[in-house]
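Residue-level listing of the chains:
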Amino acid sequence: MRKISEILRLRYELNRSYRDIAKSLNIGITTVGEYLARAKTAAIKWPLPEEMSEQDLYNKLFLPSQHTGQQKPLPDWDWVYKELRKKGVTLQLLWREYRDIHPEGVSYSRFCNQYRAHTKATKTVMRQVHKGGEKTFVDYAGMTVPWIDPSTGEIHEAQIFVGALGASQFIFVEATATQQVPDWIQSHVRMWEYFGGVSKVVVPDNLKTGVTKAHRYDPDININYQHFSEYYGFAIVPARVREAKDKEFASYCILL
């Protein structure tokens, strides 16, 4: 749902403060200020003209005006967003596909900046507040990395373990031979050594290594993983089944 016009309405029709608008729309105060500043620069006034659509408003605020020459073609940002949810798809890959079709298109940096601006204006998200040292999100990256055994020439697939602290977004990444319990637990140990401490809570996805039976309210934790958590003194709180927001944090950090 687009929020630009609602920000303008709350500010200029209802005379609400930046903080009130941010709370009402569940966005940051800086985002509110940025949108209002862009509207002022673009000479956008409230009420909006009846013929102005949300897309027209977005274009005036976020797309640079072209005074000379032909405007460069832009991709369908909603399609880009959907494609990014697929395994192995990155913004760079989508930009290359876009430039194959439109060689005269925008640069990669501008492509990324405009995509981020689009998601800020259109994506409704749940704001999660993380306390320092409270939560670590752990999972395996969706893609493996091939490596060659120099003694045999055999090609293996390394599993990529990722841990991210909720508050600081400090990231630990390492490659292991498998996703089995010994590798899973040892990755945690090396992660804690790298972080310099143990968080109070670990949030794993519901992979079989850590959670033997996924359940929305009462999941079954792997017994070895449970003993490990008791020894190190942290609580295991698996991501809820079919709740993407619980699982996105580590995946988001991988993309960074």
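Coordinates for the structure precede this section.
Residues numbered from 1 in each chain as written. Predicted model: local features only at pLDDT ≥ 70, side-chain atom pairs only at ≥ 80, totals over all residues. Heavy atoms only, no water.

A. A look at the overall build of the protein chain. Each helix and strand in the protein chain was counted, giving 10 helices and 8 strands. Counting over 256 residues, the protein chain shows a buried share of 39%. If you take every contact in the protein chain between residues at least 6 apart in sequence, the share linking residues at least 24 apart comes to 57%. A total accessible area of about 15600 Å² is found for the protein chain, and carbon and sulfur atoms account for 52% of it. (Helix = DSSP H or I, 4+ residues; strand = E, 2+ residues; numbered from the N terminus. Buried < 20%, exposed > 50% of the residue type's maximum accessible area, 1.4 Å probe, protein only. Contact = heavy atoms within 4.5 Å. Areas by Shrake-Rupley, 256 points an atom, 1.4 Å probe, with all protein chains shown as cover.)

B. Expanded view of the side chain of S5. Relative to the helices and strands, S5 resides in helix α1 (residues 4-13). A distance of 2.5 Å separates the side chain of S5 from the side chain of E54, its partner in a polar contact. When neighbours within four sequence positions are excluded, S5 is seen to be in contact with W46, L48, E54 and L57. (Polar contact = N/O pair within 3.5 Å; in protein donor to acceptor, adjacent residues only side chain to side chain.)

C. Structural view of the packing of helix α8 (residues 181-195) against helix α9 (residues 223-232). For the pair α8 and α9, interaxial distance at closest approach is 10 Å and the crossing angle is 20°. The angle between the axes of α8 and α9 places the two elements in the roughly parallel class. Seen from above, α8 lies across α9 with right-handed handedness. Residue-level contacts link V181, W184, I185, H188, V189 and W192 of α8 to N224, Y225, F228 and Y232 of α9. The class makeup of the residues in the contact of α8 with α9 is 8 nonpolar, 2 polar and no charged. (Axes fitted to C-alpha atoms, helices over the stretch in contact; angles between N-to-C directions. Parallel < 35°, antiparallel > 145°, perpendicular 65-115°, else oblique. Left-handed = near helix turned anticlockwise from the far one by under 90°. Nonpolar A, V, L, I, M, F, W, Y, C, P; charged D, E, K, R; others polar.)

D. Expanded view of the pairing of strand β3 (residues 155-165). The element β3 is extensively covered by neighbouring structure, given that 8 of its 11 residues are classed as buried. Pairing of strand β1 (residues 135-140) with β3 involves 5 bridges; the strand directions are antiparallel. Bridge pairing links V138 to G163 in β3. One ladder, built from 4 bridges, connects strand β2 (residues 145-148) with β3; its direction is antiparallel. By the bridge assignment for β3, P146 is matched with E157. Between β2 and β3, which follow one another and run antiparallel, lie 6 residues, and G153 among them has a positive phi close to 80°. Hairpin connection from β3 to strand β4 (residues 171-176): 5 residues lie between these consecutive antiparallel strands, with Q169 at a positive phi of about 65°. (Pairing = 2+ DSSP bridges.)

E. Just the pattern of salt bridges, in detail. Counted by the stated rule, this structure contains 4 salt bridges. A salt bridge links R38 to E34; its shortest N-O distance comes to 3.2 Å. Placement of the pair is R38 and E34 together in helix α3 (residues 29-41), with a separation of 4 residues, close to one helical turn. Overall, the relative accessible area of 31% leaves R38 in the partly exposed class. (Salt bridge = Lys/Arg side-chain N within 4 Å of Asp/Glu carboxyl O.)

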